[in-house]
Amino acid sequence: MLQRHLRAACAAAVAAGALLVAGLSGSASARPSSLPAVPTAAETLRTDAAPPALLRALQRDLGLNRQQAERRLGNEAEAGAASGRLRAALGAHYAGAWVRGAESDTLTVATTDPADVPAIRAQGAAARVVDHSLAALDAAKARLDRVAARRATTDTPVWYVDVPTNALVVRAVRTDAARSLLAAAGVDASLVRVVKSAEHPRPLYDLRGGDAYYIDNSSRCSIGFPVTRGTQQGFATAGHCGRAGSATTGSNRVAQGTFQASVFPGNDMAWVAAKAGWTATPYVNGSSAQVTGSTQATVGSSVCRSGSTTGWHCGTVQQLNSSVTYQEGTVTGVTRTSVCAEPGDSGGSFVSGSQAQGVTSGGTGNCTSGGTTYFQPVNPILQSYGLTLKTSATGPGDPGDPGDPGGTWSAGTVYQAGATVTYGGAAYRCLQTHQAQQGWEPPNTPALWQRQ
């Protein structure tokens, strides 16, 4: 089981302060036995807080029983921490990570250097040696993004880095359109796989009931995640739902708030400042679902969506950092999933376990025959607008006195994987993208931070 193996690897890595593999290790020192045990990744990310509605949707959509669903969430949390440690250790050789299996009990980490295989296996993961680093594939995708900003891409509506196949994938209605786009971007053909597809994603408008909100007494969308900005209450949602200055009313038709900022296309993000009387809570869709953080899920992880038209539906994360072309233009940096959605689910919440992932953007298909849905990741929304995600509880707590808590780490900051901070006189490297919060200080969260 991945959970069991990765917990052991996590404990070993924390005890040593680095990966204990020749060629990749840092200085090792024994952890005093008097110090409390460090929390596992599953404990840090509160996979036990996954709501019953989400667990039921996982069982229905992924063919699991409740115990399998719970184990899957725990395994995915541990896999994220292990892949984060390996990403930091492998550096420029790193080529991505993904989980597979009904319970996400196999983590695979790819590298361009065969010498990294022992280090990967030492963390309880399977190793795959590939031709292209993740950095090289991401750079090629960025070139496509830049070209797409200047030309029509309706015949090549989707492109993304697919880490399991180690390729930049372009989904095209016409293959000659894909070749033209790649030539204009100057992308090496060896990095690319073109897939013939009739996919025509569209934004998901026209909410019907549930936890909906209305824009200018006309169209409707779903609330994404409640947030605060200082003392201001509000929520994050999709940019295509409304423009800055648009007024909103709640599902009860009571005046609710005003769009403060909105981007679409380019990205698909917005936030609404609520009027007095509306309070941000950590709940999703009026159920017992509570959000405890915003740690980004690994490719292959389960992810569930709540929308006012179709309620809870689940699937898996297929690709991060995708680009998709709607009729209105191209949106970059979205996550592609196998979750279904229908018009009216736009702006709604995507979560993995108890971790906020993003807001529903658009897609293809429906929840009768199945489909593909894209979400705008929540962390860029929080970072762009200076918002703080509303969460249900503090982190795992202080395992011991870290000394002087001064340093550059700051609650409310969105940290990307690879970022470095100081805290308590020590340096730490971020393992998984997340918004920092009180109780998630680096010494408390080895699933998120690695001491240097």
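Here we take up the overall build of the protein. Helix and strand counts for the protein stand at 8 helices and 28 strands. Of all 452 residues assigned to the protein, the portion counted as buried reaches 55%. Total accessible area on the protein stands at roughly 16900 Å², and carbon and sulfur atoms take up 48% of it.

In this section: helix H4 (residues 66-90). Given a rise of 1.5 Å per residue, 25 residues ought to cover 36 Å, and the 36 Å separating the end C-alpha atoms of H4 matches this to within 8%. Along H4, 18 of the 25 residues are buried, which leaves the element largely enclosed by surrounding structure. N-capping of H4 is provided by Asn-65, with a side-chain oxygen placed 3.1 Å from the backbone N of Gln-67.

Residue Pro-265 is bonded to the preceding Phe-264 through a cis peptide linkage, with omega at -10 degrees. Considering the arrangement of structural elements, one finds Pro-265 in the loop between strand S13 (255-263) and strand S14 (269-274). Backbone geometry places Asn-321, a non-glycine residue, at a positive phi of 50 degrees. Considering the arrangement of structural elements, one finds Asn-321 in strand S18 (residues 311-326).

Per-chain confidence: the protein averages 87 in pLDDT, with 87% of residues scoring 70 or above. The low-confidence segment residues 1-31, where pLDDT is below 50, has 65 contacts with residues more than four positions distant or belonging to other chains. Low confidence marks residues 205-210, where pLDDT is under 50. Its contacts with residues over four positions away, or in another chain, come to 28 contacts.

With that out of the way, let us pick up the sheet that holds strand S26 (residues 426-430). Across the sheet, which stays open at both edges, the 3 strands sit in the order S25-S26-S28 with antiparallel pairing between neighbours. The open sheet has two free edges, formed respectively by strand S25 (420-423) and strand S28 (449-451), since each of these has just one partner strand. Neighbour to neighbour, the strand axes of the sheet diverge by 35 degrees on average, direction disregarded. Alignment of S26 against S28, held across 3 bridges, turns out to be antiparallel. Paired with Arg-429 across the bridge in S28 is Gln-450.

In total, this model carries 6 aromatic pairs according to the counting rule given. Taking the centre distance of 6.4 Å and the plane angle of 45 degrees together, the rings of Tyr-213 and Phe-259 count as tilted. One end of the pair, Tyr-213, is in strand S8 (residues 212-215); the other, Phe-259, is in strand S13, and 46 residues separate them in sequence. We note that Tyr-213, like Phe-259, is buried. Summarising the aromatic geometry, the rings of Trp-409 and Tyr-423 are spaced 5.8 Å apart at their centres and angled 85 degrees between planes, so their arrangement reads as edge-to-face. Here Tyr-423 lies in strand S25 and Trp-409 lies in the loop between strand S23 (388-389) and strand S24 (414-415), a separation of 14 residues in the sequence. Through pairs of rings, three or more aromatic residues link up here, namely Tyr-213, Phe-235 and Phe-259. Positioned above the aromatic ring of Tyr-214 is the side chain of Arg-253, whose terminal nitrogen or guanidinium carbon lies 3.4 Å from the ring centre.

With 35 residues, the main nonpolar core has Leu-107, Val-109, Leu-144, Leu-168, Val-170, Val-187 and Val-192 as its most contacted residues. Of all the elements in the fold, those that place two or more residues in this core are H4, strand S1 (94-100), strand S2 (106-111), helix H6 (134-148), strand S4 (158-162), strand S5 (167-172) and helix H7 (175-185). Looking at this core, the element that brings in the most residues is H6, giving 6 residues. Look past the residues within four positions of Leu-144 in its chain and what remains in contact with it is Trp-159, Leu-168, Val-170, Leu-181, Leu-182, Ala-185 and Val-187. If you look at the next biggest cluster of nonpolar residues, it comprises 31 residues, including Leu-64, Val-351, Val-378 and Val-414.

The subject of this paragraph is the state of the cysteines. This structure, assessed with the given rule, holds 3 disulfides. With a sulfur-sulfur separation of 2.1 Å, Cys-340 is cross-linked through a disulfide to Cys-367. Judged by the sign of its S-S torsion, about 100 degrees, the bond between Cys-340 and Cys-367 is right-handed. Placement of the pair is Cys-340 in the loop between strand S19 (329-337) and strand S20 (349-352) and Cys-367 in the loop between strand S21 (355-366) and strand S22 (370-377), with a sequence separation of 27 residues. By relative accessible area, Cys-340 is classed as buried at 8%. If you count the bonded cysteines of the protein from the N-terminus, they pair up as 1-2, 3-4, 5-6.

One open sheet accounts for 8 strands, arranged S9-S8-S12-S13-S14-S11-S10-S23; its pairing is antiparallel. At either margin of the open sheet sits one strand with a lone partner, and together these are strand S9 (219-222) and S23. Sheet topology places strand S10 (residues 225-229) next to S23; 2 bridges connect them, and they run antiparallel. Across the sheet, the residue bridging to Thr-228 is Thr-388, located in S23. Docked against the sheet, helix H8 (residues 378-385) engages S10, strand S11 (232-237), S13, S14 and S23, running at close to 60 degrees with respect to S14.

Moving on: the pairing of S5. With 6 of 6 residues buried, S5 is to be regarded as a mostly interior element. Burial of the side chains of S5 extends over both faces: Ala-167, Val-169 and Arg-171 are buried on one face and Leu-168, Val-170 and Ala-172 on the other. Where S4 lies against S5, 5 bridges are found, and the strand directions are antiparallel. When the bridges of S5 are listed, Tyr-160 appears paired with Val-169. In this antiparallel pair of consecutive strands, S4 and S5, the connection spans 4 residues, and Asn-166 shows a positive phi of 55 degrees.

Reading guide: rules and limits
- Residues numbered from 1 in each chain as written.
- Predicted model: local features only at pLDDT ≥ 70, side-chain atom pairs only at ≥ 80, totals over all residues.
- Heavy atoms only, no water.
- Helix = DSSP H or I, 4+ residues; strand = E, 2+ residues; numbered from the N terminus.
- Buried < 20%, exposed > 50% of the residue type's maximum accessible area, 1.4 Å probe, protein only.
- Areas by Shrake-Rupley, 256 points an atom, 1.4 Å probe, with all protein chains shown as cover.
- Expected span 1.5 Å × (residues − 1).
- Polar contact = N/O pair within 3.5 Å; in protein donor to acceptor, adjacent residues only side chain to side chain.
- pLDDT = per-residue confidence, 0-100.
- Contact = heavy atoms within 4.5 Å.
- Pairing = 2+ DSSP bridges.
- Axes fitted to C-alpha atoms, helices over the stretch in contact; angles between N-to-C directions.
- Phe/Tyr/Trp six-rings, centres within 6.5 Å; stacked < 30°, edge-to-face > 60°.
- Lys NZ or Arg CZ within 6 Å of the ring centre and 35° of its normal.
- Core = buried A, V, L, I, M, F, W, Y, C linked by side-chain atoms within 4.5 Å.
- Disulfide = S-S within 2.5 Å.

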